[in-house]
Each structure stands twice: as structure tokens, then as C-alpha cells.
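The lines below spell out each chain.
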Amino acid sequence: MYDLVGIGFGPSNLALAIAVEEHNTRADRVEDRIEAVFLEKQDDFGWHRGMLFENATMQVHFLKDLVSMRNPASDFSFVSYLHAHDRLADFVNYKSMYPLRVEFHDYLSWAAGRMSHTVAYGHTVTDVVPVLDDDGQAWAVDVLTTHAGGTRVVRARNVVVAVGLESSLPPEVTAGERVWHNLDILHRAATFTEPLPRRFVVVGAGQSAAESVAFLHERYPSAEVCSVFFRYGYSPADDSNFANGIFDPAAVDLYYDAPADVKRMLFDYHRNTNYSVVDGDLITELYRTAYQERLLGKERLRMMNASRIAELRPRPDGVEVVVEHLPTGELTPLSADAIVFATGYRPVDAGRLLGATGPRCRRDDEGLLRLGRDYRVATDEQLRAGVYLQGGTEHVHGITSTLLSAVAVRSGEIVASVAAGLAERHPVPAASQCALVTAGEIR
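Note that the structure is a prediction, hence the values are computed from the model and not measured.

Conventions used here
- Residues numbered from 1 in each chain as written.
- Predicted model: local features only at pLDDT ≥ 70, side-chain atom pairs only at ≥ 80, totals over all residues.
- Heavy atoms only, no water.
- Phe/Tyr/Trp six-rings, centres within 6.5 Å; stacked < 30°, edge-to-face > 60°.
- Helix = DSSP H or I, 4+ residues; strand = E, 2+ residues; numbered from the N terminus.
- Buried < 20%, exposed > 50% of the residue type's maximum accessible area, 1.4 Å probe, protein only.
- Lys NZ or Arg CZ within 6 Å of the ring centre and 35° of its normal.
- Salt bridge = Lys/Arg side-chain N within 4 Å of Asp/Glu carboxyl O.
- Patch = residues over 30% accessible without salt bridge, like charges linked within 9 Å, V, L, I, M, F, W, Y side chains within 5 Å.
- Areas by Shrake-Rupley, 256 points an atom, 1.4 Å probe, with all protein chains shown as cover.
- Lys, Arg positive; Asp, Glu negative; His and termini not counted.
- Charge placed at Lys NZ, Arg CZ, Asp CG, Glu CD.
- pLDDT = per-residue confidence, 0-100.
- Contact = heavy atoms within 4.5 Å.
- Core = buried A, V, L, I, M, F, W, Y, C linked by side-chain atoms within 4.5 Å.

A.B. asks: Sorry if this is basic, but what is going on with the packing of aromatic side chains here?
C.D. replies: Aromatic rings considered in pairs are described by the distance between their centres and by the relative angle of their planes. One pass over the structure, following the stated rule, counts 21 aromatic pairs. Taking the centre distance of 6.1 Å and the plane angle of 50° together, the rings of Phe 91 and Tyr 94 count as tilted. Of this pair, Phe 91 and Tyr 94 both sit in helix α3 (residues 88-94), 3 residues apart, roughly one helical turn. Accessibility expressed as a relative area gives 8% for Phe 91, which makes it buried. One aromatic cluster is present, built from ring pairs that chain together Phe 62, Phe 76, Phe 78, Tyr 81, Phe 91, Tyr 94, Phe 104, Tyr 107 and Trp 110. In this structure, Lys 263 packs its charged tip against the face of Tyr 256, placed 6.0 Å from the ring centre.

A.B. asks: Explain unusual backbone geometry to me, please; I cannot follow it from the model alone.
C.D. replies: Among all residues save glycine, negative phi is the norm, and among peptide bonds the norm is trans. Although it is not a glycine, Asp 86 sits at a positive phi angle of roughly 55°. Among the secondary structure elements, Asp 86 is positioned in the loop between α2 (78-84) and α3. Accessibility expressed as a relative area gives 68% for Asp 86, which makes it exposed. Not every positive phi belongs to a glycine, and Ala 148 is a case in point at roughly 50°. Tracing the chain through its elements places Ala 148 in the loop between β5 (138-147) and β6 (150-156). Here Ala 148 falls in the exposed class, since its relative accessible area comes to 75%.

A.B. asks: Would you mind showing me how to read the pattern of salt bridges here?
C.D. replies: Pairs can form between side chains of opposite charge whenever their charged atoms are close. Counted under the stated rule, the structure contains 21 salt bridges. In this structure, the salt-bridge partner of Arg 29 is Asp 32, at a minimum N-O distance of 2.9 Å. Taking relative accessible area as the criterion, Arg 29 reaches 45% and is therefore assigned partly exposed. Between Arg 49 and Asp 44 there is a salt bridge, and its shortest N-O distance comes to 3.2 Å.

A.B. asks: What should I look at first to understand a negative patch on the surface in this one?
C.D. replies: Together, Glu 54, Glu 218, Asp 281 and Glu 285 line one region of the surface with negative charge. Note on placement: Asp 281 falls in helix α9 (residues 280-296).

A.B. asks: How do you make sense of the confidence of the model for the protein chain when you look at a structure like this?
C.D. replies: Any region with low pLDDT has predicted coordinates that should not be read closely. In this model, the protein chain carries a mean pLDDT of 92, and residues with pLDDT of at least 70 account for 96%. Considering only residues more than four positions removed or in separate chains, one finds that residues 432-440, a stretch of pLDDT under 50, has 8 contacts.

A.B. asks: When you look at the nonpolar core in this model, what are you seeing that I'm missing?
C.D. replies: When a protein is soluble and globular, its nonpolar side chains tend to lie buried together. Grouped together as the largest cluster of nonpolar side chains are 42 residues, with contacts concentrated most on Leu 4, Phe 9, Leu 14 and Leu 66. Sorting the residues of this core by element identifies α1 (11-26), β2 (36-40), α2, α4 (101-114) and α12 (407-421) as the ones contributing at least two each. Of all the elements, α1 adds the most residues to this core, at 7 residues. Setting aside anything within four residues of it in sequence, one finds Leu 4 in contact with Leu 16, Val 20, Ile 34, Glu 35, Ala 36, Val 37, Phe 38, Asn 158, Val 160 and Val 418. Phe 53, Val 278, Ala 338 and Val 340 belong to the second-largest nonpolar core, a separate cluster that totals 29 residues.

Put into C-alpha cells, the structure is as follows:
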């Protein structure tokens, strides 16, 4: 019996695992400790590995790491990581608040390695089943997983779902050998065997699209790279001082308590802090490249603005694309070696993952899950076990729901909520012999 089972072990649940560990260190009594395990389908820790460009930087301040906004004294901070790797002075001299993405991924991997005793890799969750007592109350759930060809069951008083984002493609588009989503671009490029590609098409106007354009342009010096997007030009991200306050912990309280129309207003006003926007330095770099190529008469970077993909026909050795210029209706046919859709991400549907527990979770008039301020899902009266979400709660908690900015504070709030609920541990039916899994076995 675990007090908490985390589904997924990306940055959010990694931060939660650390918060649990630090809570247990401070606990005066054994019964106040939270027994937790995390289940991750990957075989080891990884976070957006297909987008780890060598020169890409983070868009969040280094102090918005796994712990600092919750516990500045934690030795799981990014600063502690730098110190442990003898790079603290070097980073200070770097004079940047935004680490390289590969470095931040290494930081996350360093922290995950230190928490390896709390996570079971290679476990894919297939169902979450309420465990009913004689009164029809479910004070616990069974989390069903597949692992190494077999099935395991873990019983928990609380589950925390943090399965991150999945790639989003237009409805008419299917990924294939020459039709990529930017989330996998590094993996695709690593297995791409065309020796001298002639052209790539990148669809999208956000940060990922611009980074994909820059990457392909540099990696394949013989290829033309066509950037296709609805807008007239890339829009810069608003990272100004006051606008950044939308990511502050206090902003979550304001957003949660606001009326629905005010929530929508705040979200729409501040979309340009995160959605379909590009870092200003990257915009300048791409424009400089395009200008220089035009001057020299060797144009490989082609901006096809105010445009959309009107037709797409994949071939075994490439794609045939028709680009429509929206103001004029002019159609431009293109043959390309591959097309990359940088068309965003969507949260994995937690209700789908929760299986048998999903129908017991309450939804609003728009079909979205109802949540408390502590990220606990509202459920029917019979389900007493706690169900928490990390991610997919923008409609309730605001724009930080899927971002790194909130993981430290949010994890502390979830731990506090779970700890309060465990003050009185209700008895639950004994698991059948086949369902019993010890901590040693699961790990």
C-alpha cells in the first residue's frame, strides 16, 4: 500500500518526488511520512530529447528549476547541480539567466538519478481501478501496469498523473517516413539517409518551428528550407518584466478564483508569453541569415508568410506540397525531401489514462475535469482516494499548467494536500495475493 503513486516521471513528477523526500526528512513521526513510488513507461529519464538542439536555450529563468521557488535551500537546485559539476563560477561568468537546453536536461537527469530509488522505469500504466470496501467506498485504487511482458498491480491511496504533452498534428495529416513532427526532429534527422537533400518544408510560427528551421538550415547546407506560416512574420515572445508576473505562484490563486470570463480574458491577453511566439534573438538571427543570402544571391532560407499547406502528398522518397498564399490565392507547388509540422502539443487526456476511475471524475459543462486549488480532481462521493493532475489544468490554474515555471511550488502544494489527507488513514480491503507488489519488486 503506497500513500502516493505517480504516473509518469517527467519534470513535474520528478519535482514531486523530491518534494515528498524533503517532506519525509522533516517529518517528526514515522506515520507522517508519505510512502511513494513513481511509474514511468520509458526505460530511463528523458525530456523532449528530440528537440535538444546544441545551441538552444531555455525560455525560463534558471531559478525556476525543480525546487528553488519552493525551497531555495534544497540541494536539488540547478545551482547545486552546477556546484556538483564544478561549473558554478563558469555559469556566473556566462552572464545569462537562461541555460542551454542540453545543460538543463543534464540537470534534470542528474536529479532523476538521485531519485532512482523512487521510480520504476519500463512500467506502462493500463488502468486505474477503484478498490471498494463493504460500504461501496473506495479509499484506494489499484494502478495496473505492464512490465517486461507481465502485469503488476500497485495499490495507492492517491495517484498523481503527470504524463506531459503529446504531439499535435492537423487532422488531415499522418506522420510518416517523410512527414515529421518537430518533437522528433533530432531522431528523424539521425536516421535520415538522403545524402544531399534539396528542400525541407517547416510548418508553424512558434519557437519550435523557428528552431527547426534554424537546425535544418545549418545541418543541411545544400538544402533550401521553406518556412510556411499563417502570420506575416514570426511574433516575438513577451518576456517583459510585468508580463512575466503571469507565471508567478500568486498568479495561480488569482486565476483560480477569477470568474470564467476573466480567466479567458487573462489567458487570451497573455498567450504571447508562450504560444506561437519566438525568442527575439532567434528572430533576429533568422532575419540576418535571410538578408545575407539574398544579398549574396544564394537564397536557401525561404519565408512563405501568410500561407498555408493546401495539399500534401507523401512519397516514399519525399513529399509533394502545394502552398497557398492567402492574400492572393496563389498556389506554389513544391517537391521536398521531408515536411516538418511544428504545430504544437496537447496534454495527454488524463481521463483516458485513468481508465475505470475516469468516469468517477467530475467534469464541467465543457467536458473539462473539475479540480480544486490543490490540483485534486473532483470525484463522485464513493471515490475517496485522491486523484491529482500535474498538467492539463490550464482551464482552472492558468497558463503555467504545462510549463516548468510552476513545478516546484505546485509539487509542494500537492504534497501538503496529500499529507493532510493522510492524517487519518482509512483501512482498505486486503489486496489479493496476485496483486501484492512490494517496493523491492516494483523497483
